[in-house]
Amino acid sequence: MDFKNLISHCKEYGFIFQSSEIYDGLSAAYDYGPNGVELKNNIKQYWWKSMVQMHDNITGIDASIFMHPKTWKASGHVDAFNDPLIDNKDSKKRYRADQLIEGYTEKIENKIKKDVEKARKRFGDSFDEKQFRETNGRIIDRQKKIDDILSTMNKALTDENMEGLRNLIVDLDIACPESGSRNWTEVRQFNLMFSTQLGNIAGEEGKLYLRPETAQGIFVNFLNVQKSMRQKVPFGIAQIGKAFRNEIVARQFIFRMREFEQMEMQFFVKPGTQHEWYNYWKETRLKWHKALGTPESKLRFHDHENLAHYADAAVDIEFEFPFGFRELEGIHSRTDFDLMAHQQLSGKKLQYFDPSINENYVPYVVETSIGCDRMFLAQIANNLVEEVVPDADGKDSTRVVMKLHPSIAPVKVAVLPLVKNKEEFTNAAKDIFGQLKKSFNCQYDEKDGIGRRYRRQDAIGTPYCVTIDGTTLEDGTVTLRERDSLNQNRVNIADLKSKVFAGTDMGNLI
Ligand code: GAP
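Rules behind the numbers
Residues numbered from 1 in each chain as written. Predicted model: local features only at pLDDT ≥ 70, side-chain atom pairs only at ≥ 80, totals over all residues. Heavy atoms only, no water. Buried < 20%, exposed > 50% of the residue type's maximum accessible area, 1.4 Å probe, protein only. Helix = DSSP H or I, 4+ residues; strand = E, 2+ residues; numbered from the N terminus. Pairing = 2+ DSSP bridges. Near = heavy atom within 4 Å. Polar contact = N/O pair within 3.5 Å; in protein donor to acceptor, adjacent residues only side chain to side chain. Areas by Shrake-Rupley, 256 points an atom, 1.4 Å probe, with all protein chains shown as cover. Nonpolar A, V, L, I, M, F, W, Y, C, P; charged D, E, K, R; others polar. Domains from an automatic or database assignment. Axes fitted to C-alpha atoms, helices over the stretch in contact; angles between N-to-C directions. Parallel < 35°, antiparallel > 145°, perpendicular 65-115°, else oblique. Left-handed = near helix turned anticlockwise from the far one by under 90°. Contact = heavy atoms within 4.5 Å. Salt bridge = Lys/Arg side-chain N within 4 Å of Asp/Glu carboxyl O. Core = buried A, V, L, I, M, F, W, Y, C linked by side-chain atoms within 4.5 Å. Expected span 1.5 Å × (residues − 1).

Focus: the pairing of strand S13 (residues 324-335)
Reasoning step 1: Counting buried positions over the 12 residues of S13 gives 10, a clear majority of the element.
Reasoning step 2: In this sheet, S13 lies alongside strand S12 (residues 313-321) in antiparallel orientation, the contact comprising nine bridges. Paired with phenylalanine 319 across the two strands is arginine 326, which belongs to S13.
Reasoning step 3: In this antiparallel pair of consecutive strands, S12 and S13, the connection spans two residues.

Structure, rendered in C-alpha cells:
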C-alpha cells in the first residue's frame, strides 16, 4: 500500500491521529488512537519480554524524564548534540545540510535502480543483479559519484567543517526543494535539546532539558541497579520511555517526531570484550525483528561511517520503509565514555569490582536502541496489504488486511452474532465475549452484515473472528474464522480460549 493510503488507513481505523488536529495540528507530534495504543503496547511488551524476561542478567528501570542538567553536560549533549542547518534565503525554509546532500545521492541511486530494473526485464530469469552492478560502466560511475559525495560529507561532519558542507551543497548545485533557488546561508550547528525552566530557580542554574535519549537515566543508575540486584558484569539495564528532540526536518509521519518513545538497553561488559558483545547484540536484535515475520529482504545492517562522539563501533538495523531503507534501530559500542564522563563530573566513583580478577574497572557498554514509533510504522508498512480473496459467493473481492503477527495484533478476537435482532444470538455472543475478554483484548460487533464486519476486523489485523449462529444454540459450537487463511472451522465454545491462546501467545515469538 502506498504511504498516503497507509496514513489515511491509520486515521480511519483509530491507529494514529495528528496531534491537536482541531487546531490544524502540531507538526511532528502524533496521538495514538484506541487500536494504535494497543499495538504500541504490544510492541513494547514484545521488546520487554525478550530483553528483560528472557535474559536472567537484564533488569528494567523507569527513570524520570527530567535529569540533573549536569547529566547532559557530561554526556556531551550540551556541546555536541547538534544538527548542521542551512537556510534558503528565498523560501526561508530551513534544512539539515546532510539531508540535502543525501537527497541528492538518493536521486542518483534511483537512476541506478531504474537501470537495474530495465536490465532485469531484458535478461529475464538469467539476470544476475550483483554482476550487473559490478560490470555496467554507467552504474559503476554513478556508484563512485555517490561514494565520493558521501565520503566528503562524512569527513566534513566528523571534522565539524561547516564550510566544507556548504561548499559541497554549492558544488553539487543543490537547489531548495521548495523554491528551486540556490541562495543559501552559511551552515550552522543547532542543538537538538528542548529546554525548560525550573519554577524556583532563575537563570541558567534552573535550566532543565527534556531528555533526548533514555540511555542517560540508565547510566546514572548503573551502580544502584548493580548493587540492589547484585548483578555481575556482564549485565544489562533496559528502559522504555519518552525522548524529545527539536528535529528541524521532522516529516514522514511518525518516522521522525519531536516527541517519541525509545526502547533502550545498556549492556555493561568487561573492557576488551565489547566487540564480542556488539556482535552478539547485532545478531540477537536482527532475530527479534525476523521473528515477527519481517522478511530478510526488508532488513539490512548499515555500519556508521560517521561515529557519534561516544562510540567505537555502531551499526543501524535499517528497514525498507515506503520511502526507502532507513534506520530502525541502532546498536552502539559506547566504550566507557558515559560512565567515565559521569564519574568525572559528579566526583562519584562508577566502578565495578570484578571478583573473577579481583580488580575494579569502569565497564564498557554495548547499547541497543530502537524507536517504538518507528517500529510501529515498520510493522504497519510491512503488514498492511490489499489482496484479492473469494467472497461469500465465491467471487473475487478485494480486502485490505493488516497481517500483523497475531501476538501483537491490537484485538485478538472479535465476537460477532450472525444477526443482531435475535436475542438468543446476541445473548449467547455476549456470554462468549464476557468470557474471552478476561483473557484477551476482544471486540463485540453486531452492526452490518457479517462480510463487512469481517472486513473491519481484517483492516485492524484481528487474527480471529468468532461467529454465533443457529447451530451454536443447538450444539454449543461457533465458527472460528482465521484472518490469513480465511479458514472457518466449527469449534466448541469450551475450546475457544485455548485455541485463541495457542494462536496469539507472545511466547511463540521469543
Ligand atoms: N541512545 C542512543 C540513541 O538515542 P539514536 O540513533 O539517536 O541513538 C535511537 O536513536 C533510535 O531512536 C533510532 O534508531 C530511532 O528508531 C529512534 N529515533 C531517534 N530519533 C527519532 C525521532 N526524531 N523520531 C522517532 N524516532 C526516533
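Back to the text.
Digging into the site of the ligand
Reasoning step 1: Neighbouring residues of the ligand: 22 residues in total, closest Glu213, Arg245, Met257, Glu264 and Glu327.
Reasoning step 2: For the ligand, an oxygen atom lies 2.8 Å from a polar atom in the side chain of arginine 245.
Reasoning step 3: A distance of 2.6 Å separates an oxygen atom of the ligand from a polar side-chain atom of glutamate 327.
Reasoning step 4: Protein contacts shield 93% of the accessible area of the ligand, which totals 550 Å² for the unbound molecule.
Reasoning step 5: Secondary-structure elements contributing two or more residues to the shell around the ligand are strand S10 (259-269), S13 and strand S16 (364-371).
Reasoning step 6: At six residues, the largest contribution of residues to the shell around the ligand is made by S13.
Reasoning step 7: Across the shell around the ligand, the residue classes tally to seven nonpolar, five polar and 10 charged.

Topic: the domain arrangement of the protein chain
You'll often see interface size given as the accessible area lost when the parts meet.
Reasoning step 1: Structurally, the protein chain comprises domain 1 (1-74 + 205-385), domain 2 (82-191) and domain 3 (405-508).
Reasoning step 2: Using C-alpha coordinates to define each centre, domain 2 is positioned 51 Å away from domain 3.

Some remarks on the packing of helix H1 (residues 3-12) against helix H13 (residues 372-383)
Reasoning step 1: The N-to-C vectors of H1 and H13 enclose an angle of 110°; their axes lie 11 Å apart at closest approach. Taken together, the axis directions place H1 and H13 in an arrangement best described as roughly perpendicular. The way H1 lies across H13 gives a crossing that is right-handed. Side by side, H1 and H13 meet where Phe3, Leu6 and Cys10 of the first sit next to Leu377, Ile380 and Ala381 of the second.

Quick word on the pattern of salt bridges
Reasoning step 1: Applying the stated criterion across every chain, the model contains 36 salt bridges.
Reasoning step 2: Here aspartate 115 and arginine 138 are joined by a salt bridge, their closest N and O atoms 3.2 Å apart. Within this pair, whereas aspartate 115 is found in helix H5 (residues 97-123), its partner arginine 138 is found in helix H7 (residues 137-158), the two being separated by 23 residues in sequence.
Reasoning step 3: A relative accessible area of 11% places aspartate 115 in the buried class.
Reasoning step 4: For arginine 138, a relative accessible area of 47% translates into the label partly exposed.
Reasoning step 5: Sharing partners across several salt bridges, the network here consists of Glu387, Arg399, Lys403, Arg455, Asp458 and Arg481.

A word on the sheet that holds strand S21 (residues 464-468)
Reasoning step 1: Here five strands make up an open sheet; going across it, the order is S20-S19-S21-S22-S23 and the pairing mixed. Single-partner strands in this sheet number two, and they are strand S20 (442-444) and strand S23 (488-492). On average, each strand axis in the sheet is tilted by 25° relative to the strand beside it, whichever way the strands run.
Reasoning step 2: Along the sheet face, helix H15 (residues 450-460) touches strand S19 (413-417), S20, S21, strand S22 (477-482) and S23 and points at about 170° away from the line of S19.

Notes on the nonpolar core
Reasoning step 1: Within the largest apolar cluster, 57 residues are counted, with the highest numbers of intra-cluster contacts made by Leu6, Phe15, Trp47, Phe376, Leu377 and Ile380.
Reasoning step 2: Considering every element that reaches this core, the biggest residue donor is H13, with seven residues.
Reasoning step 3: Residues from two domains meet in this core; each of domain 1 (1-74 + 205-385) and domain 3 (405-508) gives at least three.
Reasoning step 4: Look past the residues within four positions of leucine 6 in its chain and what remains in contact with it is Met1, Phe253, Pro322, Leu377, Ile380, Ala381 and Leu384.
Reasoning step 5: Residues Ile169, Ile174, Trp184 and Val187 belong to the second largest nonpolar core, which totals 26 residues.

Some words on H13
Reasoning step 1: Its 12 residues give H13 an end-to-end C-alpha distance of 16 Å, which sits within 8% of 16 Å, the value for a rise of 1.5 Å per residue.
Reasoning step 2: Along H13, 12 of the 12 residues are buried, which leaves the element largely enclosed by surrounding structure.
Reasoning step 3: Three or more residues of H13 are buried, namely Cys372, Asp373, Arg374, Met375, Phe376, Leu377, Ala378, Gln379, Ile380, Ala381, Asn382 and Asn383.

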